[in-house]
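The primary structure of each chain is shown beneath.
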Amino acid sequence: MELKKLSEHIWYMPFEEERDRPNLGYVRGEKMSLAIDAGHSEAHIKEFYDLLQKEGLPLPSITVLTHWHWDHTFAMHAVNGLTIANEKTNGYLLEYMKKIETNGPDEFLNMYDSIQKEYEGGREVIVVPADIVFEGDMTINLGGCSVKLMLTQAPHTDDSTLVYVCEDKTLFVGDAACSQFPNGGKDKTLAGKLADTIRSTGAETCVEGHWHPVGTEDTLADLKV
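Now for a quick tour of the structure. Being a predicted model, the structure only gives us computed values, none of them experimental. (Residues numbered from 1 in each chain as written. Predicted model: local features only at pLDDT ≥ 70, side-chain atom pairs only at ≥ 80, totals over all residues. Heavy atoms only, no water.)

1. Things to note about the pattern of salt bridges
- Applying the stated criterion across every chain yields a total of eight salt bridges.
- One salt bridge in this structure joins E18 and K117, with 3.7 Å as the shortest N-O distance. Of this pair, E18 sits in the loop between β2 (10-13) and β3 (24-28) while K117 sits in helix α5 (residues 113-118), and the two are 99 residues apart along the sequence.
- Residue classification places E18 among the exposed residues on the basis of a relative accessible area of 51%.
- Salt-bridge contacts for R21 lead to E47; the nearest nitrogen and oxygen are separated by 3.0 Å. One end of the pair, R21, is in the loop between β2 and β3; the other, E47, is in helix α1 (residues 42-54), and 26 residues separate them in sequence.
- Judged by its relative accessible area of 1%, R21 is buried. (Salt bridge = Lys/Arg side-chain N within 4 Å of Asp/Glu carboxyl O. Helix = DSSP H or I, 4+ residues; strand = E, 2+ residues; numbered from the N terminus. Buried < 20%, exposed > 50% of the residue type's maximum accessible area, 1.4 Å probe, protein only.)

As structure tokens, this is what we get:
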């Protein structure tokens, strides 16, 4: 696995299908750096950090979450710096944390083969809430580079946050454009609202959670249902 440079301020660690690992984004400003999504497990985030350090890039000061699902969040306990999530995402994480504390991790570990592969060898499952919780939109100035966090309605989950890197005209979509979890299908109304939000940013490139970066029109085409 290698770290890929996407634009002036953006790098990413590519997704992996076998362990259901999403793209992990990285944005470097003059004062701070920011990561998009926290990763599937501590092993995942450590591999990401090793790649950053190999390229001489500082570890992120902030990690923002696109939504609550485990492959994007369950390494939060191991990230460098602070984590940020919208209020609904944080609520789901708190629910799952209590569930594992009460019932243990077996139900989670047995959900999918990809989870078993990610946590093979008896790796511990640790769920924690975010350090900072926001409502509405939020803009973070990294120094010469601004990142806007935007809540949006979307077909995949009801807690989706889009992450727009303004100067690079690049939008991290997470899994927002995917089918509804866990039942499948893509609600036409929610897909349309997400498409409208994406258009409103003026983004030229979209980075979805489990696919290669594409032109925004490609992502919009996927939302036509």
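2. Describing the layout of surface pockets
- Of the volumes computed, that of the largest pocket is approximately 160 Å³.
- Residue lining of the largest pocket: 14 residues in total, with K88, T152, D158, D159 and S160 positioned closest to the centre.
- Considering only residue class, the lining of the largest pocket consists of four nonpolar, five polar and five charged. (1 Å grid on protein atoms, 1.4 Å probe; cavity = no way out; pocket = protein on both sides within 12 Å on 5 of 7 lines; lining within 4 Å. Points joined across faces, edges and corners; volume = space filled by probe spheres on them. Nonpolar A, V, L, I, M, F, W, Y, C, P; charged D, E, K, R; others polar.)

3. Re the sheet that holds strand β8 (residues 138-141)
- Strand order in the open sheet formed by six strands is β8-β9-β10-β11-β12-β13, and the pairing between neighbours is mixed. Only two strands of the sheet have a single partner each, and these edge strands are β8 and β13 (214-215).
- As paired elements, strand β9 (residues 146-151) and strand β10 (residues 161-165) share five bridges and run antiparallel to each other. Each residue of the ladder has a partner; that of L151, found in β10, is T161. (Pairing = 2+ DSSP bridges.)

4. Here we look at helix α3 (residues 87-103)
- In this model, α3 (17 residues) spans 24 Å end to end at C-alpha, consistent with the 24 Å of a helix rising 1.5 Å per residue.
- For α3, the set of buried residues is T89, N90, L93, Y96, M97 and I100. Looking down the long axis of α3, one finds its buried residues gathered within 125° of arc, a one-sided arrangement. In this structure, α3 carries E95, K98, T102 and N103 as exposed residues pointing more than 90 degrees from its buried face.
- Residues of α3 that are buried in the fold lie against α2 (70-73), β6 (82-86), α4 (106-109) and β7 (132-134).
- Its side-chain oxygen 2.9 Å from the backbone nitrogen of K88, N86 forms the N-cap of α3. (Expected span 1.5 Å × (residues − 1). Arc of directions from axis to C-beta. Contact = heavy atoms within 4.5 Å. Polar contact = N/O pair within 3.5 Å; in protein donor to acceptor, adjacent residues only side chain to side chain.)

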